[in-house]
Each structure stands twice: as structure tokens, then as C-alpha cells.
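These are the residues of each chain, in order.
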Amino acid sequence: MMDLCNELHILLDLLPHHRFPFAIAQIPKNGLYILFEDGEKAHGTDRIVRVGNHTGQDQLRSRLNQHFIFENKDRSIFRKNIGRALLNKDRDPFLEQWEIDLTPHATRAELGSRIDIEKQRKEERQVTGYIQSHFRFIVIPILLKENRLLYESRIISTIARCHSCRPSPNWLGFESPKEKIRESGLWQVNELSGQPLTQSEFDALKQLILTDSM
């Protein structure tokens, strides 16, 4: 497993790395995004800290904007997890309000008036600043949703099972209230114990990436 994860990291390092501010028009409309975080290393290169997908077709650019630009933690679980860690690190009681998802109309009607909106805006700005200054990403162009879902799950599980993909001592994720984030070293909680990449799946992914980059 470690050998395959090593090959995966080396392979993905060949792709163009994007950092904010990135040219959105240069990003494919469909594909997986792979996040790297400053100070995090594995296999002699940047350590993968999140693997993400998008639900609707042609929505990859929108998804990346939701993470890096649009200040709404209820539209980006990645933003929400970063905020959780920052608030928990400061032992800030606003974490309880941060957990409330105001997307449903019923929740807004019932709990919206209890939210300290100015504090929330301040925390959203802090999350934006952290993400824009600490993260970069690559994109694997994959057109079909079912293929994106398969490789998203396989890559996450491969990294989560690799003993070499361990976070640095100062990794912000250790401050997360989510045990799965602290233990996995990844900014996500799903697909951590799924089926890892097989050799044939990795070979197909490698062929896809090398063909696309030629």
C-alpha cells in the first residue's frame, strides 16, 4: 500500500499546481481536485491533505470558488472543517454556533436570530485567509461522475491507510474536534476505510494523467 501511495504522490506532483489567486478559466470543468497544505510532506514531496469532487456536471470551478473565495461555510464542508479547527484551537465558544447549518429555511427561521452574524463574518474571513495562504491544489480531469466518485474514494482510502502519510506536529488538523480528521491526517471524514486503489486502477489513472499532460 505504501509503495502505491508513494507512486501516487510522485505522479500527482507532475500536474500543474495552483495557488490563490488562480486563473479559474485554466481549471477544467470536471475532475477531482487534490489539496496540499504548506508544511505537509510525504514520500519526498507535498502530502495530499484532501481529495475532493463536485456533484453537478461542469461544476468543478464553482466548487473550488466555494472553498477558496465564497465565504459561506455551509456550502463548503472544507471551509467548515478549517473553521472548526481554528475555533477549537482558540477554545472559542462560537464553535457551537459555527456548527449550525443555516442552509435549510426552517433552521434559519428557528435559529438564525441566535447567530452572532458579525462574529460569523469575522470567522469566515479568517478561514478564507487561512485557505488562500496555506493551500494549493492540482486537478485530475475526469469527465464522468461515476469515474470521479470511484477515484475519489480509492485515493482517499489509499492515503488514509498509508503509514508514511502522517501529518507534521504543527498540522492545524490536530486541533479539529473531529476525531477522524485528527487520526487520518486528512481534511475529510468519509471514505477513509474504503477500498484502496488497485494496481490496475492506478495504472489507468496514470495513463489518464500522462495522456492529458502531453
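The coordinates are above.
Because the structure is a prediction, the values reported are computed rather than measured. (Residues numbered from 1 in each chain as written. Predicted model: local features only at pLDDT ≥ 70, side-chain atom pairs only at ≥ 80, totals over all residues. Heavy atoms only, no water.)

### Some words on helix α3 (residues 77-89)
What sets the pattern is the α-helix's 3.6 residues per turn: residues three or four places apart point alike. Just so we agree on the cut-off: Think of it this way: any DSSP run of H or I at least four residues long counts as a helix, any run of E at least two long counts as a strand, and we number them from the N terminus. An expected span of 1.5 Å times one less than the residue number is assigned to each helix. Three labels apply to residues, based on accessible area from a 1.4 Å probe with only protein chains included: buried if under 20% of the type maximum, exposed if over 50%, partly exposed otherwise in between.
Helix length check: α3, at 13 residues, gives a terminal C-alpha distance of 18 Å against a target of 18 Å (1.5 Å per residue), a fit within 8%. Among the residues of α3, Phe 78, Arg 79, Lys 80, Asn 81, Ile 82, Gly 83, Arg 84, Ala 85, Leu 86 and Leu 87 are the ones counted as buried. Downstream of α3 by a residue or two, Arg 91 has a phi angle that is positive, lying close to 50°.

### Quick word on the pairing of strand β2 (residues 31-42)
We apply this condition: Whether two strands pair depends on DSSP finding at least two bridges between them.
Of all 12 residues that make up β2, 9 are buried, and the element is covered over most of its length. In this sheet, strand β4 (residues 135-141) lies alongside β2 in antiparallel orientation, the contact comprising 7 bridges. Each bridged residue has a counterpart across the sheet, and for Leu 32 the counterpart in β4 is Ile 140. Sheet analysis places β2 next to strand β3 (residues 45-52), joined by 6 bridges and oriented antiparallel. Bridging from a neighbouring strand, Lys 41 pairs with Asp 46 of β3. Counted along the chain from β2 to the antiparallel partner β3, the turn is 2 residues long, and its residue His 43 has a positive phi close to 55°.

Worth remembering: the numbers are spatial, not functional.
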